[in-house]
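# Breakdown of the fold
What follows is each chain in one-letter form.
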Amino acid sequence: MASKEVEFSFSSPPLSSTRWWCRDTVAVVTGANKGIGFALVKRFAELGLTVVLTARDVERGNKAAESLREQGLPNVHFSPLDVSKPASIQTFVSWLDTTFGGLDILVNNAAVSFNEIDENSVEYAETVIKTNFYGAKLLTESLLPLFRFSTSISRILNISSRLGSMNKVRDLNIKATLQNERLSEEQIEEVVNLFLQSVKNGTWQSEGWPEIWTDYSVSKLALNAYSRVLAKRFQGSRLSINCFCPGFTQTSMTRGQGTHTPDEAAEVGARLALLPPDHLPTGQFFLGFGPYNKSKL
Ligand SMILES: NC(=O)c1ccc[n+]([C@@H]2O[C@H](COP(=O)([O-])OP(=O)(O)OC[C@H]3O[C@@H](n4cnc5c(N)ncnc54)[C@H](OP(=O)(O)O)[C@@H]3O)[C@@H](O)[C@H]2O)c1
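Conventions adopted
Residues numbered from 1 in each chain as written. Predicted model: local features only at pLDDT ≥ 70, side-chain atom pairs only at ≥ 80, totals over all residues. Near = placed C-beta within 6 Å. Helix = DSSP H or I, 4+ residues; strand = E, 2+ residues; numbered from the N terminus. Nonpolar A, V, L, I, M, F, W, Y, C, P; charged D, E, K, R; others polar. Buried ≥ 20, exposed ≤ 12 C-beta atoms within 10 Å, placed from the backbone. Core = buried A, V, L, I, M, F, W, Y, C linked by C-beta atoms within 7 Å. Expected span 1.5 Å × (residues − 1). Arc of directions from axis to C-beta. Pairing = 2+ DSSP bridges. pLDDT = per-residue confidence, 0-100. Right-handed = clockwise from strand over helix to strand, strands pointing away. Contact = placed C-beta atoms within 7 Å. Axes fitted to C-alpha atoms, helices over the stretch in contact; angles between N-to-C directions. Parallel < 35°, antiparallel > 145°, perpendicular 65-115°, else oblique.

### Thoughts on the site of the ligand
Close to the ligand lie 33 residues; Gly31, Gly35, Ala110, Ala111 and Thr251 are nearest. Those elements giving two or more residues to the shell around the ligand turn out to be helix 1 (35-46) and helix 4 (125-143). Of all the elements, helix 1 adds the most residues to the shell around the ligand, at three residues. Considered class by class, the residues forming the shell around the ligand number 13 nonpolar, 15 polar and five charged.

### Thoughts on unusual backbone geometry
One non-glycine residue with positive phi stands out, namely Phe149, at about 50 degrees. Mapped onto the elements of the fold, Phe149 is located in the loop between helix 4 and strand 6 (154-159). The exposure class of Phe149 is partly exposed, given the 14 C-beta atoms found within 10 Å. Even without glycine at this site, Arg255 takes up a positive phi of about 55 degrees.

### Considering the nonpolar core
Core analysis: the biggest nonpolar cluster contains 83 residues, and Val28, Leu40, Val41, Val51, Leu53, Val107 and Ala222 have the highest contact counts within it. Ranked by the residues each element gives to this core, the list is headed by helix 7 (residues 214-233), at nine residues.

### Topic: helix 6 (residues 185-201)
Taking 1.5 Å per residue, 17 residues should reach 24 Å; helix 6 reaches 24 Å between its end C-alpha atoms and fits that length. Within the sequence span of helix 6, burial applies to Ile188, Val191, Val192, Phe195, Ser198 and Val199. For helix 6, the arc enclosing every buried residue in end-on projection is 120 degrees, short of the 170-degree limit, so these residues lie on one face. Relative to its buried face, helix 6 has exposed residues pointing more than 90 degrees away, namely Glu186, Asn193, Gln197, Lys200 and Asn201.

### Some thoughts on the pairing of strand 7 (residues 239-245)
Of all the seven residues making up strand 7, seven are buried; the element is thus mostly covered by neighbouring parts of the structure. Here strand 7 shows a buried face lined by Leu239, Ile241, Cys243 and Cys245 and a second buried face lined by Ser240, Asn242 and Phe244. Strand direction decides the pairing type here: strand 6 and strand 7, joined by six bridges, are parallel. Bridging across to strand 7, Leu157 finds its partner in Asn242. By the bridge criterion, three bridges tie strand 7 to strand 8 (residues 285-287) in an arrangement that is parallel. If you follow Cys243 over to strand 8, its bridge partner there is Phe285.

### A few points about helix 7
For helix 7, built from 20 residues, the straight-helix expectation of 28 Å at 1.5 Å per residue is met to within 8% by its first-to-last C-alpha distance of 28 Å. The buried count for helix 7 comes to 17 of 20 residues, which makes it a mostly enclosed element.

### What about the confidence of the model for the protein chain?
Of all residues in the protein chain, 92% attain a pLDDT of 70 or more, and the chain-wide mean is 93. The least confident element of the protein chain, judged by mean pLDDT, is strand 1 (residues 5-7) at 53; the most confident is strand 3 (residues 50-55) at 99.

### A short note on the pairing of strand 4 (residues 76-80)
If a strand is regular, its side chains alternate between the two faces of the sheet. Pairing geometry for strand 3 and strand 4, over five bridges, is parallel. Considered in strand 4, the bridge of Ala55 is made with Pro80. In this fold, the crossover linking strand 3 to strand 4 by way of helix 2 (residues 58-70) has right-handed handedness.

### Focus on the environment of Phe114
Turning to its location among the elements, Phe114 is positioned in the loop between strand 5 (105-108) and helix 4. When the C-alpha atoms of Phe114 and Tyr124 are compared, they prove to be 7.0 Å apart, with ten residues separating the residues in sequence. In this view, Phe114 contacts Ser121, Glu123 and Tyr124; residues no more than four positions away in its chain are not counted.

### Examining the packing of helix 6 against helix 7
Interhelical geometry of helix 6 versus helix 7 gives an angle of 175 degrees and a closest axis separation of 10 Å. Between helix 6 and helix 7, the interaxial angle falls into the category roughly antiparallel. The residues of helix 7 that touch helix 6, namely those facing Glu185, Ile188, Val191, Val192 and Phe195, are Val218, Ala222, Ala225, Tyr226 and Val229. Split into classes, the residues belonging to the contact of helix 6 with helix 7 amount to nine nonpolar, no polar and one charged.

Written out as structure tokens, the structure is:
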């Protein structure tokens, strides 16, 4: 994905003029009880899709879905989903199959970071990798048989971060591995394991990993790499896989700091997820906001 970063802006055609979806179009958003995920569910629902708001905490998830239904959006449904727990993923996939018989859009949004803005602890590296990378990957793989592969093209939008861009990696061997055109999923996991091992050894600071929010950045680096491999796997089929960095957004993850609101980030995210089939790329990394939106990796 590194060499294919694409600029995206509000100058794209208005969503109303490119509507291809209907009430039967099903979108699933992970980690959607708050922040950008919640805002994305709201935007999808306003636009008339059927939306599954998922959250790891039943009470928080139910409350979030209920608040949207109370705002006149009856097309929001809640289902529990903890992406870091394979059993929860399995239960969710069965529920989705039984309830809707398939899906058209998956937004892998759920993620964690345990650092303050200016901190760089890797104390929770395993949880960060397990949630942000393996969670998104296992859910995606489990849902693949349920995508409808319709003529409108099914879509996966992975909410990533520019912190996981290839130019943040300083070790040339790791960079070369991840940039290889024939990169495999096994190699991505080897890189992730290398990182977790270096955390255990206490050597991670001197080994050329990304310098800011290192564990989180490695999780997004792996998610980007996996997205690229998956996009290649499904090249020419009716499934598009892209990544989106929403920029510095005011959410719990940033302790409320940021240059824009979750609603603004979600507006861009929804536009990307709903691009008309004939304008929908695959294997791309979109930067929605900020001074970096014109940079190429
Ligand atoms: N905010 C930014 O500046 C920024 C920048 C670049 C990328 N991003 C990305 O944007 C996405 C949304 O983040 P945000 O800023 O909206 O953060 P947020 O407000 O902290 O929301 C994160 C969401 O993920 C959920 N979550 C965490 N672990 C989970 C798990 N194991 N299973 C299911 N859900 C889980 C959280 O649920 P709980 O409420 O239960 O914790 C919460 O709903 C993330 O992928 C993040 O990496 C954010």
